[in-house]
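Close look at the chain arrangement
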Amino acid sequence: MPDIKPERALSDLRTLATFGAYKTGVHRPTLSEQDIAAREWFVGRMREAGLDAAIDGIANILGKSPAAGRKALAGSHLESQNHAGWLDGPLGCVYALEAARAIAEDAATSHLGVDVAVFCDEEGHFGSFLGSRSFVGLLEESEIDAACNATGRPMRDALKAAGWSGRRRHAIDPARYAAFFEAHIEQGDNLESTGLKIGVVTAIVAIWQYRFTVEGEQNHAGTTSMKRRRDAGLELIRLLGTIDARFPEICGPRTVWTTGRIALDPGEKSIIPGKAEALFQLRDADPAVLDRLEAEIHTLVQRANSTGRCKLAVERLSASTPALMDQNLQAALDRAAEAHAPGKHMRMPSGAGHDAQWLARKLPAAMMFVPSIGGISHHWTENTSDEDIALGAQVFADGIVNALRA
Ligand SMILES: [Zn+2]
(Lines give C-alpha, C1' and ligand atoms only; values in the text may rest on other atoms or scores of the structure.)
Protein backbone atom coordinates (compact mmCIF):
# COMPACT_ATOMS: atom_id res chain seq x y z
CA MET A 1 0.00 0.00 0.00
CA PRO A 2 1.21 3.55 -0.68
CA ASP A 3 2.52 5.57 2.27
CA ILE A 4 0.95 8.98 2.49
CA LYS A 5 3.19 11.78 3.79
CA PRO A 6 1.37 13.24 6.82
CA GLU A 7 3.54 16.37 7.01
CA ARG A 8 2.93 17.18 3.34
CA ALA A 9 -0.84 16.84 3.72
CA LEU A 10 -0.90 18.87 6.97
CA SER A 11 1.30 21.54 5.42
CA ASP A 12 -1.08 21.86 2.44
CA LEU A 13 -4.05 22.17 4.81
CA ARG A 14 -2.26 24.83 6.89
CA THR A 15 -1.35 26.78 3.76
CA LEU A 16 -4.98 26.68 2.56
CA ALA A 17 -6.02 28.02 5.99
CA THR A 18 -3.95 31.18 5.34
CA PHE A 19 -6.31 32.19 2.49
CA GLY A 20 -8.95 34.20 4.36
CA ALA A 21 -7.61 33.28 7.81
CA TYR A 22 -10.11 34.22 10.55
CA LYS A 23 -9.18 33.46 14.20
CA THR A 24 -8.40 29.71 14.09
CA GLY A 25 -10.64 29.17 11.06
CA VAL A 26 -11.25 30.81 7.69
CA HIS A 27 -13.64 33.25 6.07
CA ARG A 28 -13.53 32.26 2.40
CA PRO A 29 -16.86 32.69 0.62
CA THR A 30 -17.15 31.37 -2.94
CA LEU A 31 -15.26 33.53 -5.49
CA SER A 32 -14.07 36.01 -2.87
CA GLU A 33 -10.53 37.29 -3.46
CA GLN A 34 -9.25 34.74 -0.92
CA ASP A 35 -11.19 31.89 -2.51
CA ILE A 36 -9.83 32.74 -5.96
CA ALA A 37 -6.28 32.81 -4.57
CA ALA A 38 -6.82 29.48 -2.79
CA ARG A 39 -8.02 27.88 -6.04
CA GLU A 40 -5.02 29.23 -8.00
CA TRP A 41 -2.65 27.91 -5.32
CA PHE A 42 -4.31 24.50 -5.27
CA VAL A 43 -4.09 24.18 -9.06
CA GLY A 44 -0.35 24.79 -8.69
CA ARG A 45 -0.07 22.00 -6.12
CA MET A 46 -2.00 19.66 -8.43
CA ARG A 47 0.38 20.42 -11.31
CA GLU A 48 3.41 19.84 -9.05
CA ALA A 49 1.87 16.41 -8.36
CA GLY A 50 1.89 15.64 -12.10
CA LEU A 51 -1.83 16.20 -12.64
CA ASP A 52 -3.09 18.01 -15.74
CA ALA A 53 -5.12 20.59 -13.82
CA ALA A 54 -7.37 23.42 -14.95
CA ILE A 55 -10.06 25.72 -13.54
CA ASP A 56 -13.24 25.79 -15.63
CA GLY A 57 -15.99 28.31 -16.38
CA ILE A 58 -17.74 27.76 -13.03
CA ALA A 59 -14.55 27.65 -10.93
CA ASN A 60 -14.48 23.87 -10.67
CA ILE A 61 -11.00 22.38 -10.75
CA LEU A 62 -10.20 19.04 -12.37
CA GLY A 63 -6.71 17.54 -12.18
CA LYS A 64 -6.26 14.58 -14.50
CA SER A 65 -3.87 11.73 -13.83
CA PRO A 66 -1.60 10.59 -16.69
CA ALA A 67 -2.08 6.93 -15.64
CA ALA A 68 -3.76 4.55 -18.09
CA GLY A 69 -6.90 2.58 -17.36
CA ARG A 70 -9.99 3.37 -15.32
CA LYS A 71 -9.29 5.81 -12.57
CA ALA A 72 -10.74 6.96 -9.29
CA LEU A 73 -12.09 10.49 -8.99
CA ALA A 74 -11.69 12.11 -5.57
CA GLY A 75 -12.30 15.55 -4.13
CA SER A 76 -14.49 18.00 -2.25
CA HIS A 77 -14.76 21.81 -2.02
CA LEU A 78 -12.43 24.70 -1.09
CA GLU A 79 -14.74 27.61 -0.17
CA SER A 80 -16.01 27.97 3.40
CA GLN A 81 -19.13 29.11 5.16
CA ASN A 82 -18.82 32.63 6.57
CA HIS A 83 -16.35 32.80 9.49
CA ALA A 84 -16.14 29.02 9.56
CA GLY A 85 -13.63 26.21 9.91
CA TRP A 86 -10.39 25.35 8.08
CA LEU A 87 -11.21 21.70 7.33
CA ASP A 88 -14.79 21.64 6.00
CA GLY A 89 -14.03 21.05 2.32
CA PRO A 90 -10.23 21.49 2.17
CA LEU A 91 -9.69 18.23 4.08
CA GLY A 92 -11.35 16.27 1.28
CA CYS A 93 -9.43 18.17 -1.42
CA VAL A 94 -6.07 17.62 0.28
CA TYR A 95 -6.83 13.93 1.02
CA ALA A 96 -7.62 13.46 -2.68
CA LEU A 97 -4.40 15.20 -3.73
CA GLU A 98 -2.32 13.29 -1.15
CA ALA A 99 -3.83 9.99 -2.31
CA ALA A 100 -3.02 10.88 -5.94
CA ARG A 101 0.58 11.75 -4.96
CA ALA A 102 1.19 8.76 -2.70
CA ILE A 103 -0.31 6.27 -5.16
CA ALA A 104 1.79 7.71 -8.02
CA GLU A 105 4.99 7.63 -5.92
CA ASP A 106 4.73 3.95 -4.95
CA ALA A 107 6.02 1.59 -7.63
CA ALA A 108 3.42 -1.00 -6.62
CA THR A 109 0.50 1.37 -7.24
CA SER A 110 1.85 3.96 -9.72
CA HIS A 111 -0.14 2.38 -12.55
CA LEU A 112 -3.38 3.34 -10.74
CA GLY A 113 -4.77 6.77 -11.56
CA VAL A 114 -6.51 9.25 -9.28
CA ASP A 115 -8.08 12.41 -10.73
CA VAL A 116 -8.63 15.22 -8.22
CA ALA A 117 -11.73 17.43 -8.34
CA VAL A 118 -12.62 20.62 -6.47
CA PHE A 119 -16.31 21.50 -6.79
CA CYS A 120 -17.27 25.17 -6.62
CA ASP A 121 -19.81 26.53 -4.13
CA GLU A 122 -20.77 23.40 -2.21
CA GLU A 123 -21.45 25.82 0.65
CA GLY A 124 -24.19 27.48 -1.37
CA HIS A 125 -23.13 31.14 -1.44
CA PHE A 126 -24.50 31.46 -4.99
CA GLY A 127 -26.85 28.50 -5.31
CA SER A 128 -27.34 24.84 -4.54
CA PHE A 129 -24.38 22.54 -5.31
CA LEU A 130 -23.64 24.52 -8.49
CA GLY A 131 -20.17 23.04 -9.01
CA SER A 132 -20.96 19.35 -8.60
CA ARG A 133 -24.25 19.69 -10.50
CA SER A 134 -22.35 21.38 -13.34
CA PHE A 135 -19.81 18.55 -13.41
CA VAL A 136 -22.48 15.83 -13.65
CA GLY A 137 -24.40 17.73 -16.35
CA LEU A 138 -27.36 18.86 -14.25
CA LEU A 139 -26.89 22.64 -14.37
CA GLU A 140 -28.27 24.92 -17.09
CA GLU A 141 -26.54 28.14 -18.14
CA SER A 142 -29.71 30.02 -17.16
CA GLU A 143 -29.27 29.01 -13.52
CA ILE A 144 -25.73 30.42 -13.54
CA ASP A 145 -27.08 33.59 -15.19
CA ALA A 146 -29.53 34.02 -12.29
CA ALA A 147 -27.14 33.08 -9.46
CA CYS A 148 -26.35 35.88 -6.97
CA ASN A 149 -24.73 35.81 -3.53
CA ALA A 150 -26.09 37.44 -0.34
CA THR A 151 -24.53 40.80 -1.28
CA GLY A 152 -26.40 40.72 -4.60
CA ARG A 153 -23.31 40.09 -6.67
CA PRO A 154 -24.05 38.00 -9.76
CA MET A 155 -21.97 34.84 -10.07
CA ARG A 156 -21.22 35.81 -13.68
CA ASP A 157 -19.51 39.02 -12.48
CA ALA A 158 -17.49 37.13 -9.88
CA LEU A 159 -16.37 34.55 -12.47
CA LYS A 160 -15.40 37.36 -14.84
CA ALA A 161 -13.38 39.14 -12.16
CA ALA A 162 -11.52 35.86 -11.53
CA GLY A 163 -10.75 35.60 -15.24
CA TRP A 164 -12.60 32.32 -15.67
CA SER A 165 -15.82 33.34 -17.42
CA GLY A 166 -16.39 31.91 -20.88
CA ARG A 167 -14.27 28.84 -20.19
CA ARG A 168 -15.80 25.50 -21.08
CA ARG A 169 -17.19 23.72 -18.04
CA HIS A 170 -15.59 20.40 -17.04
CA ALA A 171 -18.02 17.54 -17.68
CA ILE A 172 -17.79 14.08 -16.19
CA ASP A 173 -16.66 11.24 -18.44
CA PRO A 174 -18.23 8.28 -16.62
CA ALA A 175 -16.22 5.79 -18.71
CA ARG A 176 -12.98 7.26 -17.31
CA TYR A 177 -13.84 6.40 -13.69
CA ALA A 178 -14.44 3.32 -11.57
CA ALA A 179 -15.50 5.31 -8.50
CA PHE A 180 -15.86 8.66 -6.75
CA PHE A 181 -14.46 9.18 -3.24
CA GLU A 182 -15.03 12.15 -0.94
CA ALA A 183 -13.55 12.58 2.53
CA HIS A 184 -14.99 15.08 5.00
CA ILE A 185 -14.98 15.98 8.66
CA GLU A 186 -17.92 14.32 10.38
CA GLN A 187 -19.51 17.62 11.55
CA GLY A 188 -21.16 15.69 14.38
CA ASP A 189 -19.89 13.85 17.47
CA ASN A 190 -20.74 10.21 16.71
CA LEU A 191 -17.08 9.29 16.13
CA GLU A 192 -15.60 11.36 18.96
CA SER A 193 -18.17 10.26 21.55
CA THR A 194 -17.53 6.58 20.80
CA GLY A 195 -13.73 6.89 20.53
CA LEU A 196 -13.80 5.84 16.88
CA LYS A 197 -11.56 7.28 14.14
CA ILE A 198 -13.19 6.59 10.77
CA GLY A 199 -16.79 6.78 9.59
CA VAL A 200 -17.74 4.94 6.39
CA VAL A 201 -20.84 6.62 5.01
CA THR A 202 -23.77 4.41 4.03
CA ALA A 203 -26.03 7.12 2.58
CA ILE A 204 -26.47 10.86 2.47
CA VAL A 205 -29.81 11.56 4.11
CA ALA A 206 -32.96 12.66 2.39
CA ILE A 207 -34.48 15.97 3.48
CA TRP A 208 -38.28 16.36 3.60
CA GLN A 209 -39.64 19.84 4.25
CA TYR A 210 -43.06 21.06 5.37
CA ARG A 211 -45.04 24.20 6.09
CA PHE A 212 -47.55 24.20 8.94
CA THR A 213 -50.23 26.87 8.87
CA VAL A 214 -52.73 27.65 11.60
CA GLU A 215 -55.74 29.92 11.30
CA GLY A 216 -57.27 31.33 14.47
CA GLU A 217 -58.80 34.68 15.22
CA GLN A 218 -56.90 37.92 15.65
CA ASN A 219 -58.20 39.78 18.69
CA HIS A 220 -57.39 42.00 21.72
CA ALA A 221 -54.91 40.42 24.17
CA GLY A 222 -56.55 42.07 27.19
CA THR A 223 -60.30 41.83 26.63
CA THR A 224 -60.65 38.43 24.94
CA SER A 225 -61.20 35.77 27.61
CA MET A 226 -59.05 32.68 27.62
CA LYS A 227 -62.18 30.63 27.05
CA ARG A 228 -63.21 32.23 23.79
CA ARG A 229 -59.92 33.18 22.19
CA ARG A 230 -58.59 31.25 19.18
CA ASP A 231 -54.82 31.68 19.47
CA ALA A 232 -53.13 30.42 16.29
CA GLY A 233 -49.64 30.81 17.80
CA LEU A 234 -50.41 28.70 20.83
CA GLU A 235 -52.05 26.01 18.69
CA LEU A 236 -48.96 25.84 16.47
CA ILE A 237 -46.61 25.52 19.46
CA ARG A 238 -48.83 22.76 20.91
CA LEU A 239 -48.67 20.84 17.62
CA LEU A 240 -44.87 21.16 17.44
CA GLY A 241 -44.62 20.03 21.07
CA THR A 242 -46.84 17.00 20.35
CA ILE A 243 -44.71 16.05 17.32
CA ASP A 244 -41.55 16.37 19.37
CA ALA A 245 -42.98 14.14 22.09
CA ARG A 246 -44.34 11.49 19.70
CA PHE A 247 -41.51 11.18 17.14
CA PRO A 248 -38.94 9.49 19.45
CA GLU A 249 -41.36 6.55 19.72
CA ILE A 250 -41.50 5.92 15.97
CA CYS A 251 -38.38 7.49 14.39
CA GLY A 252 -35.16 5.81 13.25
CA PRO A 253 -31.97 5.80 15.35
CA ARG A 254 -30.58 8.88 13.59
CA THR A 255 -33.68 10.75 12.46
CA VAL A 256 -33.52 14.49 13.13
CA TRP A 257 -36.28 17.10 12.92
CA THR A 258 -36.04 20.86 13.05
CA THR A 259 -38.47 23.75 13.24
CA GLY A 260 -36.34 26.34 11.47
CA ARG A 261 -38.83 29.19 11.45
CA ILE A 262 -41.96 30.24 13.31
CA ALA A 263 -43.91 33.29 12.21
CA LEU A 264 -46.91 34.82 13.98
CA ASP A 265 -49.32 37.22 12.35
CA PRO A 266 -49.46 40.08 13.13
CA GLY A 267 -46.69 39.38 15.68
CA GLU A 268 -47.50 42.18 18.11
CA LYS A 269 -47.28 41.97 21.89
CA SER A 270 -50.90 42.94 22.60
CA ILE A 271 -52.60 41.06 19.78
CA ILE A 272 -53.66 37.41 19.82
CA PRO A 273 -52.12 35.96 16.65
CA GLY A 274 -54.76 35.18 14.05
CA LYS A 275 -52.36 33.25 11.87
CA ALA A 276 -49.23 31.22 12.52
CA GLU A 277 -46.81 29.39 10.27
CA ALA A 278 -43.79 27.13 10.80
CA LEU A 279 -41.17 25.62 8.49
CA PHE A 280 -40.36 22.08 9.54
CA GLN A 281 -37.72 19.66 8.26
CA LEU A 282 -37.09 15.92 8.62
CA ARG A 283 -33.83 14.12 7.76
CA ASP A 284 -33.24 10.38 7.54
CA ALA A 285 -31.49 7.95 5.21
CA ASP A 286 -34.50 5.59 5.13
CA PRO A 287 -37.54 6.68 3.09
CA ALA A 288 -39.71 4.17 5.01
CA VAL A 289 -38.98 6.06 8.25
CA LEU A 290 -39.79 9.37 6.57
CA ASP A 291 -43.08 7.94 5.23
CA ARG A 292 -44.02 6.81 8.74
CA LEU A 293 -43.22 10.19 10.28
CA GLU A 294 -45.11 12.02 7.56
CA ALA A 295 -48.19 9.87 8.16
CA GLU A 296 -47.92 10.68 11.88
CA ILE A 297 -47.74 14.41 11.10
CA HIS A 298 -51.05 14.14 9.21
CA THR A 299 -52.63 12.19 12.09
CA LEU A 300 -51.53 14.79 14.65
CA VAL A 301 -52.74 17.68 12.49
CA GLN A 302 -56.15 15.98 12.09
CA ARG A 303 -56.38 15.38 15.84
CA ALA A 304 -55.53 19.03 16.56
CA ASN A 305 -58.22 20.06 14.09
CA SER A 306 -60.86 17.92 15.76
CA THR A 307 -60.01 18.92 19.34
CA GLY A 308 -58.75 22.50 19.08
CA ARG A 309 -60.31 25.82 18.21
CA CYS A 310 -58.12 26.65 15.21
CA LYS A 311 -57.79 25.33 11.69
CA LEU A 312 -54.46 23.59 11.03
CA ALA A 313 -52.93 22.46 7.75
CA VAL A 314 -49.68 20.91 6.61
CA GLU A 315 -48.14 21.15 3.16
CA ARG A 316 -45.10 19.24 1.94
CA LEU A 317 -42.65 21.65 0.30
CA SER A 318 -40.01 19.19 -0.90
CA ALA A 319 -38.86 15.59 -0.50
CA SER A 320 -35.43 14.52 -1.72
CA THR A 321 -34.28 10.95 -2.03
CA PRO A 322 -31.29 9.64 -0.04
CA ALA A 323 -28.05 9.16 -1.99
CA LEU A 324 -26.91 5.62 -1.34
CA MET A 325 -23.17 4.99 -1.22
CA ASP A 326 -21.82 2.03 -3.18
CA GLN A 327 -21.59 -1.24 -1.18
CA ASN A 328 -18.29 -2.39 -2.70
CA LEU A 329 -16.67 0.99 -2.07
CA GLN A 330 -17.92 0.95 1.54
CA ALA A 331 -16.24 -2.44 1.91
CA ALA A 332 -13.02 -1.05 0.36
CA LEU A 333 -12.98 1.74 2.98
CA ASP A 334 -13.87 -0.71 5.80
CA ARG A 335 -10.84 -2.85 4.90
CA ALA A 336 -8.55 0.19 4.77
CA ALA A 337 -9.87 1.42 8.14
CA GLU A 338 -9.48 -2.03 9.71
CA ALA A 339 -5.84 -2.15 8.55
CA HIS A 340 -4.91 1.18 10.16
CA ALA A 341 -7.46 1.58 12.98
CA PRO A 342 -8.57 -1.95 13.88
CA GLY A 343 -12.00 -1.95 15.50
CA LYS A 344 -12.12 1.86 15.46
CA HIS A 345 -14.37 2.48 12.50
CA MET A 346 -18.10 2.47 11.96
CA ARG A 347 -20.65 2.78 9.21
CA MET A 348 -22.94 5.77 9.47
CA PRO A 349 -25.24 7.96 7.37
CA SER A 350 -24.34 11.56 6.60
CA GLY A 351 -26.84 14.01 8.05
CA ALA A 352 -25.39 16.83 5.93
CA GLY A 353 -25.48 17.21 2.17
CA HIS A 354 -22.23 16.80 0.20
CA ASP A 355 -21.05 16.93 -3.43
CA ALA A 356 -20.93 13.10 -3.35
CA GLN A 357 -24.75 13.02 -3.49
CA TRP A 358 -24.57 14.47 -7.02
CA LEU A 359 -21.60 12.38 -8.13
CA ALA A 360 -23.52 9.28 -6.94
CA ARG A 361 -25.95 9.89 -9.80
CA LYS A 362 -23.23 9.10 -12.33
CA LEU A 363 -20.65 6.92 -10.56
CA PRO A 364 -20.41 4.43 -7.71
CA ALA A 365 -19.65 6.84 -4.85
CA ALA A 366 -18.20 6.62 -1.36
CA MET A 367 -17.64 8.98 1.56
CA MET A 368 -15.36 8.75 4.56
CA PHE A 369 -15.52 10.82 7.79
CA VAL A 370 -12.87 11.73 10.35
CA PRO A 371 -13.75 12.94 13.88
CA SER A 372 -14.74 16.56 14.50
CA ILE A 373 -13.54 17.78 17.92
CA GLY A 374 -16.65 18.52 19.98
CA GLY A 375 -18.74 17.77 16.90
CA ILE A 376 -18.34 21.43 15.86
CA SER A 377 -18.43 22.72 12.27
CA HIS A 378 -19.59 25.80 10.36
CA HIS A 379 -17.76 27.72 13.12
CA TRP A 380 -14.17 28.96 13.29
CA THR A 381 -13.36 26.64 16.22
CA GLU A 382 -13.95 23.55 14.02
CA ASN A 383 -10.96 21.20 14.33
CA THR A 384 -9.61 17.65 14.07
CA SER A 385 -6.39 16.43 15.72
CA ASP A 386 -3.27 16.14 13.52
CA GLU A 387 -3.10 12.41 14.34
CA ASP A 388 -6.67 11.86 13.16
CA ILE A 389 -6.03 13.92 10.01
CA ALA A 390 -2.94 11.81 9.20
CA LEU A 391 -4.73 8.52 9.93
CA GLY A 392 -7.69 9.52 7.77
CA ALA A 393 -5.43 10.43 4.84
CA GLN A 394 -3.82 6.98 4.92
CA VAL A 395 -7.16 5.14 5.18
CA PHE A 396 -8.54 7.24 2.32
CA ALA A 397 -5.59 6.42 0.01
CA ASP A 398 -5.76 2.72 0.90
CA GLY A 399 -9.50 2.68 0.31
CA ILE A 400 -9.00 4.06 -3.19
CA VAL A 401 -6.31 1.44 -3.94
CA ASN A 402 -8.59 -1.34 -2.62
CA ALA A 403 -11.37 -0.13 -4.92
CA LEU A 404 -9.16 0.19 -8.00
CA ARG A 405 -7.66 -3.26 -7.46
CA ALA A 406 -11.03 -4.94 -7.01
ZN1 LIG B 1 -18.25 20.60 3.36
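Residues numbered from 1 in each chain as written. Predicted model: local features only at pLDDT ≥ 70, side-chain atom pairs only at ≥ 80, totals over all residues. Heavy atoms only, no water.

Our next topic: a nonpolar patch on the surface. There is a patch of nonpolar side chains on the surface, built from Ile237, Ile262 and Leu264 and spanning about 250 Å² of accessible area. Its location among the elements puts Leu264 in strand β11 (residues 256-265). (Patch = residues over 30% accessible without salt bridge, like charges linked within 9 Å, V, L, I, M, F, W, Y side chains within 5 Å. Areas by Shrake-Rupley, 256 points an atom, 1.4 Å probe, with all protein chains shown as cover. Salt bridge = Lys/Arg side-chain N within 4 Å of Asp/Glu carboxyl O. Helix = DSSP H or I, 4+ residues; strand = E, 2+ residues; numbered from the N terminus.)

This part takes up helix α8 (residues 232-250). If you check α8, its first and last C-alpha atoms are 27 Å apart, about what 19 residues at 1.5 Å a residue would give, namely 27 Å. When we look at burial in α8, the residues that qualify are Ala232, Gly233, Glu235, Leu236, Leu239, Leu240, Ile243, Phe247 and Ile250. In the core, the buried residues of α8 are packed alongside β9 (206-215), β11, β13 (275-284), α9 (287-307) and β14 (311-319). Where α8 starts, the residue carrying a side-chain oxygen 2.9 Å from the main-chain nitrogen of Gly233 turns out to be Asp231. (Expected span 1.5 Å × (residues − 1). Buried < 20%, exposed > 50% of the residue type's maximum accessible area, 1.4 Å probe, protein only. Contact = heavy atoms within 4.5 Å. Polar contact = N/O pair within 3.5 Å; in protein donor to acceptor, adjacent residues only side chain to side chain.)

In the contact formed by helix α1 (residues 6-16) and helix α12 (residues 386-405), the axes pass within 10 Å of each other and the chain directions differ by 115°. Taken together, the axis directions place α1 and α12 in an arrangement best described as roughly perpendicular. Crossing of α1 over α12 shows right-handed handedness. On α12, the residues that touch Pro6, Leu10, Leu13 and Arg14 of α1 are Asp386, Ile389 and Ala390. Its residues assigned to classes, the contact of α1 with α12 comprises 5 nonpolar, no polar and 2 charged. (Axes fitted to C-alpha atoms, helices over the stretch in contact; angles between N-to-C directions. Parallel < 35°, antiparallel > 145°, perpendicular 65-115°, else oblique. Left-handed = near helix turned anticlockwise from the far one by under 90°. Nonpolar A, V, L, I, M, F, W, Y, C, P; charged D, E, K, R; others polar.)

To continue, consider the coordination of the zinc ion. Surrounding the zinc ion are the protein donor atoms His77 (NE2), Asp88 (OD) and His184 (NE2), at 2.0 to 2.2 Å. Taken in sequence order, the residues that donate to the zinc ion follow the motif H-x10-D-x95-H. Of this pair, His77 sits in the loop between β5 (71-76) and α3 (90-105) while His184 sits in strand β7 (residues 177-185), and the two are 107 residues apart along the sequence. Like His77, the residue His184 is buried in the burial classification. (Donors = N, O, S within 2.8 Å, 3.2 Å for Na, K, Ca; no water.)

We now examine the pairing of strand β17 (residues 365-370). Burial runs high along β17: 6 of the 6 residues are buried. Judged by which residues are buried, β17 turns out to be covered on both faces: Ala365, Met367 and Phe369 on one side and Ala366, Met368 and Val370 on the other are all buried. Where β7 meets β17, 6 bridges bridge the pair, whose relative direction is parallel. When the sheet's bridge partners are listed, Phe181 is paired in β17 with Ala366. Bridge count between strand β8 (residues 198-204) and β17: 2 bridges; the pairing is antiparallel. Of the residues in β17, the one forming a bridge with Val200 is Met368. (Pairing = 2+ DSSP bridges.)

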